[in-house]
Amino acid sequence: MPSDTLSRFQPVSMTLAQTDKARFAAELGKSFREFGFAAIADHGLEDALITDAYDKAAEFFALPESKKMAYLVEGGGGARGYTPFGKEIAKDAKHVDLKEFWHVGRDLPAGHMYETDMAPNLVPTEIAGWRETVHGLYAAFDALGVQVLRAIAIDLGLEETYFDDAVKDGNSVMRLLHYPPVTGDPGGSIRAEAHGDINTITLLLGAEEPGLQVKTRDGEWIDMNPPPGCLVVNMGDMLARSTNDVLPSTQHRVINPAGARTGFSRYSLPFFLHYRPDYMIETLPGCAGADNPDKYPEPMRANDFLNQRLREIGLLK
């Protein structure tokens, strides 16, 4: 890894959110504005819960293909349950990604106003304790995401709680992601081709395993390998649109391993925090002006934006 990579993504301690909100917001904001990415230390997610979630993921992905395919929701856009190896392709890419994944979303009560936009969750009966662990981590991510968004609001000069209502009952998903060992000729495919995330912000565990790279404004690909135990946060396309690209949604990818690492699986746990389905994405106050004309004058419903992007990446027809 280049010697200056870590200095570019110097982790910001989540403890600052309690002791010095302005500094926490400014340090995150500086990294987000320059790279669209930041690393957070002391994030507060329980180590035991994270470890258990990784174990549950590995246990599920080790199941026979026939058992995993029982959790594929045809026509569901990959929103819930299992999406098999070689299904997803990055926007405008020529090769499918070398990964398989499981999505868990928000559990809604019967009759909820968003139930037509958010499908019910599936629970693999083969894995004991799945709901307690996986859905428990989802809830912890969801709460942490709101805290990060509050720092972003402060950095943008908005009220601290500006985004609270925008993401309340949001269409957020947690992905249990498995990149199998790379054996033989991958035929031009890599674990995850260059892409921007669709959502507002992404919270990622598992980035310390080599492979994640971020594209700088100068077009250079640099490694994103934070110290162990850090959380990586990046802007998604929805928040980039809301901020008129003041906070950029940066292209990133996961390259194939080299040497002995080709024989190992890679697991990661990204949480894609979304706006609520009926939130209208429009340029936020202070994010457009003479020096940065509004690129997105037409408001767009969050779930319409999501479905448009899911079609572009091959998960919806």
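Residues numbered from 1 in each chain as written. Predicted model: local features only at pLDDT ≥ 70, side-chain atom pairs only at ≥ 80, totals over all residues. Heavy atoms only, no water.

Undergrad: Teacher, can you tell me more about the pattern of salt bridges here?
TA: When charged atoms on two side chains of opposite charge get close, those side chains can pair. Inspection of the entire model under this criterion finds 16 salt bridges. One salt bridge connects Asp165 with Arg276, and the closest N-O pair in it is separated by 3.0 Å. Taken as a pair, Asp165 in helix H7 (residues 164–167) and Arg276 in the loop between strand S12 (266–273) and strand S13 (280–281) lie far apart in primary sequence, 111 residues in all. Each of Glu65, Lys68 and Glu100 takes part in salt bridges that share partners, so that together they form one network. (Salt bridge = Lys/Arg side-chain N within 4 Å of Asp/Glu carboxyl O. Helix = DSSP H or I, 4+ residues; strand = E, 2+ residues; numbered from the N terminus.)

Undergrad: How do you make sense of the packing of helix H3 (residues 21–35) against helix H6 (residues 130–155) when you look at a structure like this?
TA: Across the interface, H3 lies against H6 with an axial gap of 8 Å and an inter-helix angle of 85°. On the basis of their axis angle, the class for H3 and H6 is roughly perpendicular. Between H3 and H6, the contacting residues are Lys21, Phe24, Ala25, Ala26, Leu28, Gly29, Phe32 and Arg33 on the first element and Ala151, Ile152, Ile154 and Asp155 on the second. A breakdown of the residues in the contact of H3 with H6 according to their chemical character gives eight nonpolar, one polar and three charged. (Axes fitted to C-alpha atoms, helices over the stretch in contact; angles between N-to-C directions. Parallel < 35°, antiparallel > 145°, perpendicular 65-115°, else oblique. Contact = heavy atoms within 4.5 Å. Nonpolar A, V, L, I, M, F, W, Y, C, P; charged D, E, K, R; others polar.)

Undergrad: Teacher, can you tell me more about the pairing of strand S2 (residues 37–41) here?
TA: Regular strands place their side chains on alternate faces of the sheet. Burial of S2 is extensive: five of the five residues sit out of reach of the surface. Sheet topology places strand S1 (residues 12–13) next to S2; two bridges connect them, and they run parallel. Its bridge partner lying in S2, Val12 is registered against Ile40. As paired elements, S2 and strand S10 (residues 231–235) share four bridges and run antiparallel to each other. Each bridged residue has a counterpart across the sheet, and for Phe37 the counterpart in S10 is Asn234. (Buried < 20%, exposed > 50% of the residue type's maximum accessible area, 1.4 Å probe, protein only. Pairing = 2+ DSSP bridges.)

Undergrad: I would appreciate a short explanation of the nonpolar core in the present structure.
TA: In a soluble, globular protein the nonpolar side chains are often hidden away together inside. Core analysis: the largest hydrophobic core is formed by 82 residues, its most contacted members being Ile152, Phe163, Ile201 and Tyr275. Residue contributions to this core peak at twelve residues, all from H6. Apart from the residues lying within four places of it in its own chain, the contact partners of Ile152 are Phe32, Phe163, Ile201, Met235, Leu239 and Leu247. (Core = buried A, V, L, I, M, F, W, Y, C linked by side-chain atoms within 4.5 Å.)

Undergrad: I'm lost on the side chain of His135 in this one. Help?
TA: Tracing the sequence through the fold places His135 in helix H6. Separated by 3.0 Å, the side chains of His135 and Asp107 make a polar contact. Once you skip the residues sitting within four places of it in the chain, His135 turns out to touch Val104, Asp107, Asn121, Val123 and Trp130. (Polar contact = N/O pair within 3.5 Å; in protein donor to acceptor, adjacent residues only side chain to side chain.)

Undergrad: What is the right way to read the packing of aromatic side chains from this model?
TA: Each pair of aromatic rings is reported with the distance of its centres and the angle of its planes. What the rule picks out here adds up to eleven aromatic pairs. Taking the centre distance of 5.7 Å and the plane angle of 65° together, the rings of Phe60 and Tyr82 count as edge-to-face. In this pair, Phe60 sits in helix H4 (residues 47–61) while Tyr82 sits in strand S3 (residues 81–83), placing the two residues 22 residues apart along the sequence. An angle of 70° between the planes, with centres 5.2 Å apart, marks the rings of Trp102 and Trp130 as edge-to-face. You can see Trp102 sitting in strand S4 (residues 100–104) and its partner Trp130 sitting in helix H6, a full 28 residues away along the chain. Accessibility classification places Trp102 together with Trp130 in one group, the buried group. (Phe/Tyr/Trp six-rings, centres within 6.5 Å; stacked < 30°, edge-to-face > 60°.)

Undergrad: Looking at this model, I keep getting lost on the environment of Leu158. Mind explaining?
TA: Looking at the secondary structure, you find Leu158 in the loop between H6 and H7. Looking at Leu158, the relative accessible area reads 14%, which means it is buried. Residues contacting Leu158, with those up to four places away along its chain left out, are Ala153, Phe163, Leu284 and Pro285.

Undergrad: Explanation requested: the layout of surface pockets in the structure shown.
TA: Empty space among the atoms becomes visible once a probe the size of a water molecule is rolled across them. Of the pockets and cavities examined, the second largest pocket occupies roughly 290 Å³. In terms of lining, the second largest pocket is formed by 15 residues, of which the most central are Ala240, Asp245, Pro248, Ser249 and Thr250. Put simply, the parts of the chain that give the lining of the second largest pocket at least two residues each are H3 and helix H8 (237–242). (1 Å grid on protein atoms, 1.4 Å probe; cavity = no way out; pocket = protein on both sides within 12 Å on 5 of 7 lines; lining within 4 Å. Points joined across faces, edges and corners; volume = space filled by probe spheres on them.)

Undergrad: What is the right way to look at H6 in this model?
TA: The first and last C-alpha atoms of H6 sit 37 Å apart over 26 residues, in line with the 38 Å expected at 1.5 Å per residue. Gly157 lies just past H6 and shows a positive phi near 80°. (Expected span 1.5 Å × (residues − 1).)

What is shown is where atoms sit, not what they do.
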